[in-house]
Amino acid sequence: MRDRFEASLPARWKAPLVAGALAALSPVLLLAPRGVPAEAGRPLVTAFVVVQAAALWWLGARPAVVTAVAVVSGAALQFLVPTAGPGIALVVLSTFAWLRPARTSLWAAAGAAAVLGATAGAGGHGVAAVLWPVAAVLAWSWGALGRAWAARRQAEARRVVLEERARIARELHDVLAHTVSVMVVQAAAADDVFDSSPEKARQAVRSLEASGREALVELRRFVRTVRLLDGETAAVPEGDALVPQPSLADLDRLAGRVESAGLPVRVVLDGLEDADVPPGVALSAYRIVQESLTNALRHARASVAVVTVRARDGGLTVEVRDDGKGGRSAWTGGSGQGVAGMRERAALLGGTLEASPDPAGGFRVRAHLPLEDTA
């Protein structure tokens, strides 16, 4: 799988990195170099310390170049002052492995192991010629593991955002499909009685306005949620208070809107007063009822619909029946996406949903949603 993790060092870290490196390398300046006179060796050691620390200023912008400089200058320090080792070269190598994918940084580990091992061998330190290459590989591994861990966290965060966007898309579909359907029916009713019964036409127009206002509130909520997912601070406009997500307590209001559009609805609630229905289950049940009534209103040519919500034996059963004559293809609008969306809602909660013609006539949607945590 391609490594899509993006890592970077903030610019504000430049000065602290350089200062920390100088502080860590300062004890090396007190050590006597070997193989060269002190008056010549100390300036060389000081120069390599300064180069190794100063290079960190460009670590975020040029990590490959800085890593190469740190390894080479560290090898020089190791040769002149064996007890100091390669300075901060291994720390830089580990950081490079965190900043860049393994396929890019692996060459740096191989190069550092070769350079440090060869330098130690040239200085006559056989044990160090083995230990420093091993240390280089371990330093690279530590950075690569840190990158993999951070990449997993980023991928999980991205997955959560995508799932939330999918949930919002489902919610938006349900809200708009229902509201627009009701508005179309109300507008048609107003047109039918506009000349013969102006008062009824006026009432239909008022219901149409109320449905439109409710749709706008829902849209504002969804837009605000999407902005928050994108990291924006979505301010709440004055007079536009946050509206809670609908639940089973709002079924009567939903039935009233559908009735105003011309389809009488009867709601039967059983056992809900003693049941602890989680908000997510209640919202899904509401949306299933909403989608079912929307399809019955638009496609089934029904004269009545009955909604039954029953809590029993650790589960919530939602059933919507209508006496429509349109059959399955008419009820689903031909595409079946409404049924697919409801079935997906139920499945996400560990439940099931059946949608089929009712043997007694009309169409029936029946969903079973568990009340316990299925995770």
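Computed from a predicted structure; not experimentally measured. (Residues numbered from 1 in each chain as written. Predicted model: local features only at pLDDT ≥ 70, side-chain atom pairs only at ≥ 80, totals over all residues. Heavy atoms only, no water.)

Enquirer: What is the right way to look at the UniProt feature "transmembrane region" (unreviewed entry) in the protein chain in this model?
Expert: Sequence positions flagged by UniProt for "transmembrane region" (unreviewed entry) are, in local numbering, residues 13–32, 44–60, 66–99, 106–124 and 130–150. Strand forms 0% of residues 66–99 and helix 76%; the C-alpha atoms that close the span are 12 Å apart. Between the C-alpha atoms that bound residues 106–124 the distance is 27 Å, and the span itself is 89% helix and 0% strand. (UniProt positions renumbered as here; feature names shortened; annotations may be inferred. Helix = DSSP H or I, 4+ residues; strand = E, 2+ residues; numbered from the N terminus.)

Enquirer: Could you clarify how one ought to interpret unusual backbone geometry in this entry?
Expert: When glycine is set aside, most residues are seen to have a negative phi, and most peptide bonds are trans. A positive phi angle is found at Asp313, which is not glycine, with a value near 55°. Here Asp313 is to be found in the loop between β2 (305–312) and β3 (315–322).

Enquirer: Can you help me understand the sheet that holds β3 in this one?
Expert: Adjacent strands of a sheet form backbone hydrogen bonds with each other and so pair up, either parallel or antiparallel. Pairing within the open sheet is mixed, and its five strands lie in the order β1-β2-β3-β5-β4. The open sheet terminates on both sides in strands that have one partner only, identified here as β1 (265–270) and β4 (352–357). Looking at each pair of strands side by side, their axes are set apart by 10° on average, direction ignored. Looking at chain direction, β2 and β3 are connected through eight bridges and run antiparallel. Across the sheet, the residue bridging to Ala305 is Asp322, located in β3. Contacts from helix α8 (residues 251–260) reach β1 and β2 within the one sheet, and its direction differs from that of β1 by about 165°. Together, β1, β2, β3, β4 and β5 (363–370) form the strand contacts of helix α9 (residues 279–299), whose direction differs from that of β3 by roughly 10°. (Pairing = 2+ DSSP bridges. Axes fitted to C-alpha atoms, helices over the stretch in contact; angles between N-to-C directions. Contact = heavy atoms within 4.5 Å.)

Enquirer: Would you mind going over the environment of Leu269 with me for this structure?
Expert: Counting through the fold element by element, Leu269 comes out in strand β1. Considered as a pair, Leu269 and Val318 are 49 residues apart in the sequence and their alpha carbons are 9.6 Å apart. Discounting residues that sit within four places of it in the chain, Leu269 has contacts with Leu251 and Val309.

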